[in-house]
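Residues per chain are reported as follows:
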Amino acid sequence: MTTNALTPGPGSGRTGDRVFSAAAKSAGILILLTLFAVALFLFVQAIPAFTADPEAISGGHGFFAYIWPIVIGTVIAAAIAIVLATPVGLGVALFISHYAPRKLAAPLGYVIDLLAAIPSVIYGIWGYLVLAPVLVPGYEWLNQNFGFLPIFGGPVSQTGKTMLTAGVVLAVMVLPIITSLSREIFLQAPGLHEEAALALGATRWEMIRMSVLPFARAGIISAVMLGLGRALGETMAVALVLSTGTLIPSLVKSGNQTIAAEIALNFPEAFGLRMSELIAAGLVLFVITLAVNMIARWIISRHQQFSGAN
């Protein structure tokens, strides 16, 4: 009996499987070790900030009094970005995948993907020089008509460098992430389900609501959480478009700060205890990002039955 030259010999497939399995396991272990090493480094370097005399910490009231305002600022900026970017991103993804003509869908998808390649400092310069001055009249209108709400309380920043501006810039930055991932998920929806819904008399939107969105639910959550992670850790763009200051409830006044921008603006001149403060702030951001990802995985596991994973 002759053996075809193109047919793998006995055991060759198993050897390839073992090699690939070992490589995959090594890569997974390396990622875990790297994550553990980063966490350990941050924790060790942050110990002086946790154990120092409260009066020696910036602000003179202890580390947690120092970190709390910038944690709130980080969460607010990221929340604004996700609230603004998610509906727009999903709408653009649905338009590309189910409404746009094929000749338009492909170029539009390429343009959206290219937005993710723009450096964050470019977004920051655009936000500082172009977007912030344009938004000032809108902030004044919000203050005049809704100034009784603390989030629109005045006086309005005349430079436009506010928390709301930072949130808008972050929304533009995370938009291509949400759009690109959601578009790919929408395109993977079972075609037979879509055709069946249309054959039963459903409109295109009803077909999307009944067939596409339930299938893509876990993927949409993943896309939004990935965008949230980008918004939480963004540095240069926020540092350029946000006038730093103490924590305030208003989104149209100068003030507030985020963890990433605090580190970027102060790290070059920091030493001693101040260095430990900033590293401890990085540790807090690390924990927040890790918690966001764990919550995302839990949410996805709850909705996994609606996806095509089964």
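The model shown is predicted, which means the values in this text are computed figures rather than measured ones.

About the cut-offs
Residues numbered from 1 in each chain as written. Predicted model: local features only at pLDDT ≥ 70, side-chain atom pairs only at ≥ 80, totals over all residues. Heavy atoms only, no water. Helix = DSSP H or I, 4+ residues; strand = E, 2+ residues; numbered from the N terminus. Rg over C-alpha atoms; globule rule 2.2 N^0.38 Å. Buried < 20%, exposed > 50% of the residue type's maximum accessible area, 1.4 Å probe, protein only. Contact = heavy atoms within 4.5 Å. Areas by Shrake-Rupley, 256 points an atom, 1.4 Å probe, with all protein chains shown as cover. Lys, Arg positive; Asp, Glu negative; His and termini not counted. Charge placed at Lys NZ, Arg CZ, Asp CG, Glu CD. UniProt positions renumbered as here; feature names shortened; annotations may be inferred. 1 Å grid on protein atoms, 1.4 Å probe; cavity = no way out; pocket = protein on both sides within 12 Å on 5 of 7 lines; lining within 4 Å. Points joined across faces, edges and corners; volume = space filled by probe spheres on them. Nonpolar A, V, L, I, M, F, W, Y, C, P; charged D, E, K, R; others polar. Core = buried A, V, L, I, M, F, W, Y, C linked by side-chain atoms within 4.5 Å. Axes fitted to C-alpha atoms, helices over the stretch in contact; angles between N-to-C directions. Left-handed = near helix turned anticlockwise from the far one by under 90°. Phe/Tyr/Trp six-rings, centres within 6.5 Å; stacked < 30°, edge-to-face > 60°. Polar contact = N/O pair within 3.5 Å; in protein donor to acceptor, adjacent residues only side chain to side chain. pLDDT = per-residue confidence, 0-100.

## Overview of the overall build of the chain
In terms of helices and strands, the chain carries 10 helices and 0 strands. Listing the helices and strands of the chain from first to last along the sequence gives α-α-α-α-α-α-α-α-α-α. In summary, the chain has a C-alpha radius of gyration of 24 Å against a globular reference of 19 Å for 310 residues, an excess of more than 25%. Dimensions of the chain, computed from C-alpha atoms along their principal axes, come out at roughly 85 × 50 × 35 Å. Counting only residues that meet the buried cut, the chain has 39% of its 310 residues in that class. Once local pairs closer than 6 in sequence are excluded, the contacts in the chain between residues at least 24 apart make up 75%. As displayed, the chain offers around 17200 Å² of accessible surface, 71% of which is attributable to carbon and sulfur atoms. Across the chain, 15 positive and 13 negative side-chain charges occur, with their mean positions spaced 12 Å apart.

## Here we look at the UniProt feature "domain: ABC transmembrane type-1" (unreviewed entry) in the chain
What UniProt calls "domain: ABC transmembrane type-1" (unreviewed entry) maps, in this numbering, to residues 71-296. A helix fraction of 76% and a strand fraction of 0% characterise residues 71-296, whose end C-alpha atoms lie 20 Å from each other.

## Here's the deal with empty space enclosed by the protein
Empty space among the atoms becomes visible once a probe the size of a water molecule is rolled across them. By the definition in use, this model includes 1 cavity of 30 Å³ or more. When its volume is computed, the largest cavity comes out at roughly 30 Å³. T74, A77, L170, A231, L232, E234, V238 and T258 together form the lining of the largest cavity. Taken together, the elements giving at least two residues each to the lining of the largest cavity come down to α2 (63-99) and α7 (204-233). Per-class residue counts for the lining of the largest cavity are 5 nonpolar, 2 polar and 1 charged.

## Focus: the nonpolar core
One finds Y66, I67, V169, L170, F186, L228 and I259 to be the most contacted residues of the largest nonpolar core, which totals 72 residues. Contributing elements (two or more residues each) for this core: α1 (12-51), α2, α4 (120-146), α5 (163-187), α7, α8 (236-241), α9 (259-266) and α10 (273-302). Here this core takes 14 residues from α2, the largest share from any one element. Not counting residues up to four positions away in its chain, the partners in contact with I67 are A281 and V284.

## As for the packing of α2 against α5
Closest axis-to-axis distance for the α2/α5 pair is 5 Å, and the angle between their directions is 35°. In this structure, α2 meets α5 at a crossing whose hand is right-handed. Residue composition of the contact of α2 with α5, by class: 22 nonpolar, 8 polar and 1 charged.

## Quick look at the UniProt feature "transmembrane region" (unreviewed entry) in the chain
In the UniProt entry, the feature "transmembrane region" (unreviewed entry) is given for residues 27-47, 67-96, 108-131, 162-181, 212-232 and 278-300. Across residues 27-47 one finds 100% helix and 0% strand; the C-alpha atoms that close the span lie 30 Å apart. Segment residues 278-300 splits into 100% helix and 0% strand. End C-alpha atoms: 33 Å apart.

## A look at the packing of aromatic side chains
The final tally for this structure, using the stated rule, is 6 aromatic pairs. Measuring from centroid to centroid gives 5.7 Å for F63 and F64, while their planes differ by 75°, and the two rings are edge-to-face. A residue is classified by how much of its surface remains accessible, and F63, at 5% relative accessible area, is buried. For the pair F63 and Y66, a centre-to-centre distance of 6.1 Å together with 50° between the ring planes defines the contact as tilted. Of this pair, F63 and Y66 both sit in helix α2, 3 residues apart, which is roughly one turn of the helix. Across this residue pair, the class does not change: F63 and Y66 are buried. Through pairs of rings, three or more aromatic residues link up here, namely F50, F63, F64 and Y66.

## Considerations on the side chain of N256
Positionally, N256 belongs in the loop between α8 and α9. In this structure N256 comes out as buried when scored by relative accessible area, which is 1%. Engagement of the side chain of N256 in a polar contact is seen with the backbone nitrogen of I248, the distance being 2.9 Å. The contacts of N256, once residues within four sequence positions are left out, are M163, L242, S243, T244, G245, T246, L247, I248 and S250.

## Considering the environment of V292
Mapping V292 onto the fold places it in helix α10. The class for V292 is buried, based on a relative accessible area of 15%. When the C-alpha positions of V292 and L42 are compared, they lie 19 Å apart, and in sequence the two are 250 residues distant. Dropping the residues within four chain positions of it, V292 is found in contact with M225, L228 and L232.

## Comments concerning the confidence of the model for the chain
Model confidence for the chain is summarised by a mean pLDDT of 85, while 93% of its residues fall at 70 or above. Between the elements of the chain, mean pLDDT differs from a low of 84, seen in helix α6 (residues 191-199), to a high of 91, seen in α5. pLDDT under 50 marks residues 306-310. Its contacts with residues more than four places away, or in other chains, come to 10 contacts.

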